[in-house]
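The primary structure of each chain is shown beneath.
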Amino acid sequence: MITRLPPGPSLPALTQTWRYWRSPAEFVRRCHEEFGARFTVRLWPFGTVVVLADPDDVKSLVRSDPSVFQAGRANSFGEMVLGRESVFVIDDEEHSRTRALMMPAFHGKAVRDQVELMREITTANLASWPVGEPMEALPQMQAISLEIISRNVMGIDDSALKEQVQEAVLRLLRTGSVFDVLPGHDRFPSLHPGRLKRRRMRARADALLRRQISAHRADPRLAERTDVLAMLLRASEAEGGWMSDANICDQLITLLLAGHETTATGLAWCLERLVRHPEVLAEAQRAADTDDDAYLDAVIKEALRCRPVVPDVGRKLSRDADFAGYRLPKGTSVWPSIALLHSSAESFPDPGAFRPERFLERGAMADWVPFGIGNRRCLGATFAQVESRVVMRELLRHFEFEPTDAPGEDVKARHVTQVPAGFATVTVRRRDAA
Ligand code: HEM
């Protein structure tokens, strides 16, 4: 007889929830040890969640019907900040259409055209780094990433407006709360001052972005502009103007938020790992000096493997469905666990070691999924990898990083990302040659 759900802890949902929220990574790891590569947990407010750690299951999920295994539905916690029409929270036809319209701005050539700008922004930021004393690298990386993504997305010429938008976006991000995942979280905002504040922040960001949209529309050079906003306006126009300004604002906010916090965190982890592995650090420095992009890319990939910025991705069932020999009821969430997939000794021998060479020895690795999977795979994956390479290269060319034998920084959950608990504290010295 077909069981409805894979096995999992028999503890009351409340106890599971408490253990999960206390330490998500630890809870999931223990369940994996006890129940294997496919297990069911009951977590408030998500409900029944089937966690997947078997690469074959993840491949089956990629082949499954996205209108049944819905990502937008699973991501609905993002609605209050990103907006109801954000590509992250919608599904089906609406999702494919919106994504197709945004995608060209993040293809190889469009991203390569941004390299010089990325380099300039990074070197300008490095000028203010304190030398010879411990410094938290994460906030610096956020400043670099936010500047890069806002210039790329909005192509803003007016620097006062750009700073206002950046400030509004950061304030909006800070209003995000773990309670956003609650069902019906947006229904009674007046009972929750935090949510009212978030609405105000979002309205402020929208007003600024609408000013930018109007400026773009009035720009006689709109046809030649290469920023994402210009591309969206042109593409929408070509399809009869189906994207309203409110819709465009949702996509811009999504890109600004999704595009800076994640990349900055990946870069911070890269530094946190490098200063604890002096031989890799020396090799990375050589690679930066000799334009050995393959090695720098391997360092970035290895950091994203062993410290994934996003630990898992979600899909939610719109109806009962068969999956991997089980009958999963409507409403079940299915979470491929990036963290568990990346720590599999079968896919990545000696998974605890920080060894970029593994990405040079083998070509593409199907089990390496820091950017998610299938038709929802991160829209900015190429952008993020190119940006990370440019920033790392500049950092290593300008600075020497002091190695440390301090224990690795703990993993701390922040919004949907996992950041280094000490914000990647490093000590740098300027290199004479830089
Ligand atoms: C190291 C940096 C980054 C990481 C680790 C990352 C990771 C992810 C992950 C795991 C997802 C969910 C995929 C899924 O559900 O299967 C995602 C979605 C997304 N990311 Fe990223 N991301 C990064 C950088 C970026 C950048 C730079 C941008 C924009 C420029 C971006 C824009 C998006 C968007 C728009 C989505 C939603 C795609 C959709 O639902 O169709 N991300 N990202």
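The rules behind the values
Residues numbered from 1 in each chain as written. Predicted model: local features only at pLDDT ≥ 70, side-chain atom pairs only at ≥ 80, totals over all residues. Heavy atoms only, no water. UniProt positions renumbered as here; feature names shortened; annotations may be inferred. Helix = DSSP H or I, 4+ residues; strand = E, 2+ residues; numbered from the N terminus. Rg over C-alpha atoms; globule rule 2.2 N^0.38 Å. Contact = heavy atoms within 4.5 Å. Areas by Shrake-Rupley, 256 points an atom, 1.4 Å probe, with all protein chains shown as cover. Salt bridge = Lys/Arg side-chain N within 4 Å of Asp/Glu carboxyl O. Buried < 20%, exposed > 50% of the residue type's maximum accessible area, 1.4 Å probe, protein only. 1 Å grid on protein atoms, 1.4 Å probe; cavity = no way out; pocket = protein on both sides within 12 Å on 5 of 7 lines; lining within 4 Å. Points joined across faces, edges and corners; volume = space filled by probe spheres on them. Nonpolar A, V, L, I, M, F, W, Y, C, P; charged D, E, K, R; others polar. Donors = N, O, S within 2.8 Å, 3.2 Å for Na, K, Ca; no water. Pairing = 2+ DSSP bridges. Axes fitted to C-alpha atoms, helices over the stretch in contact; angles between N-to-C directions. Core = buried A, V, L, I, M, F, W, Y, C linked by side-chain atoms within 4.5 Å. Polar contact = N/O pair within 3.5 Å; in protein donor to acceptor, adjacent residues only side chain to side chain.

The name given to the protein chain in an unreviewed UniProt entry is Cytochrome P450, with Saccharopolyspora flava as the source organism. Its UniProt record, at the heading Cofactor (unreviewed entry), says of the protein chain: "heme".

This next bit is on the overall build of the protein chain. In terms of helices and strands, the protein chain carries 19 helices and 13 strands. The globule rule puts the C-alpha radius of gyration for 434 residues at 22 Å, and the 22 Å found for the protein chain is close to it. Based on the C-alpha atoms only, the size of the protein chain along its principal axes is roughly 70 × 55 × 40 Å. Counting only contacts in the protein chain whose residues sit at least 6 apart along the sequence, the fraction spanning at least 24 positions is 72%. About 19,500 Å² of surface is accessible on the protein chain, with carbon and sulfur atoms providing 53% of the total.

This paragraph deals with the pattern of salt bridges. Any two side chains of opposite charge can pair, on the condition that their charged atoms come close. Tallied over the full model, the rule gives 33 salt bridges. In this structure, E167 and R171 form a salt bridge, with 3.5 Å as the shortest nitrogen-oxygen distance. You can see E167 and its partner R171 sitting in helix α10 (residues 159-174), four residues apart, about one turn around the helix. Taking relative accessible area as the criterion, E167 reaches 46% and is therefore assigned partly exposed. Accessibility expressed as a relative area gives 39% for R171, which makes it partly exposed. R327 is the partner of D322 in a salt bridge, and the nearest nitrogen-oxygen pair spans 3.0 Å. Taking relative accessible area as the criterion, R327 reaches 31% and is therefore assigned partly exposed. Taken together, the shared-partner salt bridges connect E26, R29, R30 and E33 into one network.

Taken as a whole and judged by the stated rule, the model has one cavity of 30 Å³ or more. The volume enclosed by the largest cavity comes to roughly 30 Å³. What lines the largest cavity is simply V313, P336, S337, I338, L341, V369, G372 and I373. Across the lining of the largest cavity, the residue classes tally to six nonpolar, two polar and no charged.

When only protein atoms are considered, the iron atom of the ligand has one donor, C378 (SG), at a distance of 2.3 Å. Positionally, C378 belongs in the loop between α18 (358-361) and α19 (381-398).

With that settled, consider the sheet that holds strand β2 (residues 47-52). Note: strands within a sheet are paired through backbone hydrogen bonds, in either parallel or antiparallel orientation. Reading across the sheet, the five strands line up as β1-β2-β8-β5-β3 and stay open at both edges, with mixed pairing between neighbours. Bordering the open sheet on either side are β1 (38-43) and β3 (69-70), each of which pairs with just one other strand. Of the pairings in the sheet, the one linking β1 to β2 comprises six bridges and is antiparallel in character. Looking at the pairing, R42 lines up with T48 of β2. On the sheet, helix α1 (residues 13-22) packs against β1 and β8 (333-336) and is oriented at approximately 100° with respect to β1.

Moving on, we get to the nonpolar core. Most often, soluble globular proteins keep nonpolar side chains buried together rather than apart. Core analysis: the biggest nonpolar cluster contains 94 residues, and W129, V165, M392, L395 and F401 have the highest contact counts within it. The contacts of M392, once residues within four sequence positions are left out, are L267, C270, L271, L274 and I300. Membership of the second largest hydrophobic core comes to 18 residues, among which are V50, V58, L61 and V369.

Let us look at the side chain of N247. As for its position among the elements, N247 is in helix α13 (residues 245-258). Residue class for N247 comes out buried when judged on its relative accessible area of 4%. In terms of polar contacts, N247 uses its side chain to reach the side chain of E85, at 3.4 Å. If near-sequence neighbours (up to four positions away) are discounted, N247 is found in contact with E85 and W242.

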